[in-house]
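In case you want the letters, here they are:
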Amino acid sequence: QKERFLPYGAGVLTAVIFGFSFMFTKLTLPAFGGDIFHMLSYRFLLATAVMGLLWAFRLIRPRYRGKPVGQLFLIGLLQPVLYFICETLGLRLLPSSQAGLMIALIPVLVTILGAVFLQEKPTWLQTLFILVSVGGVMAINLAGGLQGGTDLVGVALLGGAVLAGAVYNILSRRASRAFQPVEVTWLMLCIGAVLFTLIAWTRIAAQGLPWQSYFAPLRDLRGMLTLTYLSVLSTVAAFFLLNYILSKLE
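Residues numbered from 1 in each chain as written. Predicted model: local features only at pLDDT ≥ 70, side-chain atom pairs only at ≥ 80, totals over all residues. Heavy atoms only, no water.

(A) Representation of the overall build of the chain in the model. Within the chain one finds nine helices and zero strands. Ordered by position from the N terminus, the helices and strands of the chain form the series α-α-α-α-α-α-α-α-α. Computed over the C-alpha atoms, the radius of gyration of the chain is 19 Å, within 12% of the 18 Å expected from 2.2 N^0.38 for a compact globule of 250 residues. Taken along its principal axes, the extent of the C-alpha atoms in the chain is 55 × 50 × 30 Å. Within the chain, the fraction of its 250 residues that count as buried is 43%. Taking all contacts inside the chain whose residues are at least 6 apart in sequence as the whole, residues at least 24 apart take part in 89%. When the accessible surface of the chain is split by element, carbon and sulfur atoms take 71% of a total near 13,400 Å². (Helix = DSSP H or I, 4+ residues; strand = E, 2+ residues; numbered from the N terminus. Rg over C-alpha atoms; globule rule 2.2 N^0.38 Å. Buried < 20%, exposed > 50% of the residue type's maximum accessible area, 1.4 Å probe, protein only. Contact = heavy atoms within 4.5 Å. Areas by Shrake-Rupley, 256 points an atom, 1.4 Å probe, with all protein chains shown as cover.)

What follows is the structure, given as structure tokens:
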């Protein structure tokens, strides 16, 4: 009974953690001057450090020897790297109402890809509730009306985010046959930390800023406290729970 209901409890908890992450992101960004990639660098570096401590104290024991690690590198490039880049840049070009409508399509695409590549065909009742869920998101966004015009580059970028999020779900589900959830999560965080930090330093260099500016956010105590939520709960805990769910449920 516990094994049957734990994944659903984990799903609810993951949704709550990710839901609050938008508020905490808004609270954290001022410490980074609104630079999302600078913040993502800190977020994933801290998350990787937390996982490293858990590994050092033997609370987790990821093992990769003899396993197809290449699968995990592809997963890490899709989520968090490609997804966050496409979503962040797309949100700058499209109104939030249009962005919400597009991101809501991820469950639909996951269902289609799952049926094609994993032979996990949903029942009519599951399909109904998927449509109800997506329809609810669309109704919330449409209630405020669609603002502004449509930017085709923004649409393409958010389409990339939708595709990256959907394919990540499929690949993580498939990888669960060879890897434990903690092994998938650990490599995802390491890839995110390395690539987002490279992007942050590249932007600092391109803008001609001193190298010390990378460490300037450390002076903002409030920003660092809210960053802790994003790193420990919304990154380490939530991604672990998400990978655990995908290893247990279609």
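(B) Main features of helix H5 (residues 106-117). When the terminal C-alpha atoms of H5 are compared, their 16 Å separation across 12 residues agrees well with the 16 Å that a helix rising 1.5 Å per residue should span. When we look at burial in H5, the residues that qualify are Ile-106, Leu-113 and Gly-114. Summarising the axial view, the buried residues of H5 lie within an arc of 105 degrees, below the 170-degree limit, and thus occupy one face. Of the residues one or two after H5, Gln-119 is the one with positive phi, at around 55 degrees. (Expected span 1.5 Å × (residues − 1). Arc of directions from axis to C-beta.)

(C) Highlighting the nonpolar core. Formed by 56 residues in total, the largest nonpolar core has its most connected members in Leu-40, Phe-44, Leu-72, Ile-75, Tyr-168 and Phe-239. Counting residues per element, this core draws most heavily on helix H9 (residues 221-248), at 12 residues. Not counting residues up to four positions away in its chain, the partners in contact with Tyr-168 are Ile-75, Leu-78, Gln-79, Met-188, Phe-239, Leu-242, Asn-243 and Leu-246. (Core = buried A, V, L, I, M, F, W, Y, C linked by side-chain atoms within 4.5 Å.)

(D) Representation of the environment of Lys-26. Assignment of secondary structure puts Lys-26 in helix H1 (residues 2-28). Residue Lys-26 is classed as exposed on the basis of its relative accessible area of 69%. Distance from Lys-26 to Arg-177, taken between C-alpha atoms, is 37 Å for residues 151 residues apart in sequence.

(E) Expanded view of unusual backbone geometry. Note that the residue after Gln-79, namely Pro-80, is joined by a cis bond; omega there is 25 degrees. With respect to the secondary-structure elements, Pro-80 resides in helix H3 (residues 70-93). Despite not being glycine, Arg-58 shows a phi value in the positive range, around 60 degrees. The topology assignment puts Arg-58 in the loop between helix H2 (36-56) and H3. The class of Arg-58 is exposed, set by a relative accessible area of 59%. With phi around 55 degrees, Gln-119 is a residue other than glycine that occupies positive phi space. The exposed category is assigned to Gln-119, whose relative accessible area is 58%.

(F) Region of interest: the packing of H2 against H3. Across the interface, H2 lies against H3 with an axial gap of 11 Å and an inter-helix angle of 155 degrees. With respect to each other, H2 and H3 are oriented roughly antiparallel. The interaxial crossing formed by H2 with H3 has right-handed handedness. Of H3, the residues touching H2 (which contributes Ile-36, Phe-37, Leu-40, Arg-43 and Phe-44) are Pro-80, Phe-84, Ile-85, Thr-88, Leu-89 and Arg-92. For the contact of H2 with H3, the residue count by class is eight nonpolar, one polar and two charged. (Axes fitted to C-alpha atoms, helices over the stretch in contact; angles between N-to-C directions. Parallel < 35°, antiparallel > 145°, perpendicular 65-115°, else oblique. Left-handed = near helix turned anticlockwise from the far one by under 90°. Nonpolar A, V, L, I, M, F, W, Y, C, P; charged D, E, K, R; others polar.)

(G) Geometry of a nonpolar patch on the surface. Where nonpolar side chains cluster on the molecular surface, the patch consists of Val-12, Val-16, Phe-20, Met-23 and Leu-27 and spans about 430 Å² of accessible area. Mapped onto the fold, Phe-20 is located in helix H1. Phe-20 sits in the partly exposed class, given a relative accessible area of 43%. (Patch = residues over 30% accessible without salt bridge, like charges linked within 9 Å, V, L, I, M, F, W, Y side chains within 5 Å. Salt bridge = Lys/Arg side-chain N within 4 Å of Asp/Glu carboxyl O.)

(H) Highlighting the packing of H5 against helix H7 (residues 152-175). At a closest axis distance of 9 Å, the pairing of H5 and H7 adopts a crossing angle of 40 degrees. What the angle tells us is that H5 and H7 run oblique. In this structure, H5 meets H7 at a crossing whose hand is right-handed. Counting all contacts with H5, which are made through Ile-106, Leu-109, Val-110, Leu-113, Gly-114 and Phe-117, the residues of H7 involved are Ala-161, Val-162, Leu-163, Gly-165, Ala-166, Val-167, Asn-169, Ile-170 and Arg-174. Broken down by class, the residue content of the contact of H5 with H7 amounts to 11 nonpolar, three polar and one charged.

Coordinates in, geometry out; function isn't part of it.
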